[in-house]
Amino acid sequence: MLFALLALVFASAFAGAALYLNLVEQPARLALDDASMIREWAPSDRRGFALLGGLALLAALSGLAAFGHGSDVRFLIGALLALASWPYTYFVIVPLNNRLLAASPAQPDADAREIVTFWGLLEWGLFALAAASAAVFAWASL
């Protein structure tokens, strides 16, 4: 039961952090001028990557442990949903991250704002995976 609770807590924290990023950080970032937006984005991305990736991993490991203890396949599904955020991030979001990290804050590309806007839309995919994982863990914990 402890692992089931931990899986739900970590997946919910993952979903909450992803939602905060999309509803608070991204609009605030887009309100800045281009140079300030790029300058703010890089350290924020590193911190967010570590936080979201760590919470996803903890949710997945807890879900796998709950599956191992109780053999409820819903915990396996929730764990796989949380873990799916890693390849999603690597193959979908990281290519944009690399373009943004290569941009100079002093002389941002003309399309930097469009890239950051599109990056924010892709971040909703992380929220969807996190929310789905948390929902499955909640369902399994009933």
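Computed from a predicted model, the values in this text were never measured in an experiment. (Residues numbered from 1 in each chain as written. Predicted model: local features only at pLDDT ≥ 70, side-chain atom pairs only at ≥ 80, totals over all residues. Heavy atoms only, no water.)

Asker: Sorry, what's going on with the packing of helix α1 (residues 2-30) against helix α2 (residues 34-70) here?
Answerer: Packed helices, taken two at a time, are described by their axes: the angle between them and the distance between them. Between α1 and α2, the shortest axis-to-axis distance is 7 Å and the interhelical angle comes to 165°. Classified by the angle their axes make, α1 and α2 are roughly antiparallel. Judged by the sense of rotation from one axis to the other, the crossing of α1 with α2 is left-handed. Here the contact of α1 with α2 is composed, by residue class, of 22 nonpolar, 4 polar and 3 charged. (Axes fitted to C-alpha atoms, helices over the stretch in contact; angles between N-to-C directions. Helix = DSSP H or I, 4+ residues; strand = E, 2+ residues; numbered from the N terminus. Parallel < 35°, antiparallel > 145°, perpendicular 65-115°, else oblique. Left-handed = near helix turned anticlockwise from the far one by under 90°. Nonpolar A, V, L, I, M, F, W, Y, C, P; charged D, E, K, R; others polar.)

Asker: Would you take a moment to explain the packing of aromatic side chains for this structure?
Answerer: Think of a pair of aromatic rings as described by two things: how far the centres are apart, and how the planes are tilted against each other in angle. Taken as a whole and assessed by the stated rule, the structure comprises 4 aromatic pairs. Between Trp 41 and Trp 119, the aromatic rings sit 5.7 Å apart at their centres with planes inclined by 85°, giving edge-to-face as the arrangement. Here Trp 119 lies in helix α5 (residues 112-141) and Trp 41 lies in helix α2, a separation of 78 residues in the sequence. On the accessibility criterion, Trp 41 (0% relative accessible area) is buried. On the basis of an interplanar angle of 25° and a centroid distance of 6.0 Å, the ring pair of Phe 75 and Phe 137 is categorised as stacked. Taken as a pair, Phe 75 in helix α3 (residues 73-83) and Phe 137 in helix α5 lie far apart in primary sequence, 62 residues in all. The pair Phe 75 / Phe 137 is uniform in exposure class, with both members buried. Across the ring face of Trp 139, the terminal group of Arg 74 is positioned such that the distance to the ring centre comes to 4.8 Å. (Phe/Tyr/Trp six-rings, centres within 6.5 Å; stacked < 30°, edge-to-face > 60°. Buried < 20%, exposed > 50% of the residue type's maximum accessible area, 1.4 Å probe, protein only. Lys NZ or Arg CZ within 6 Å of the ring centre and 35° of its normal.)

Geometric values such as these leave the question of function open.
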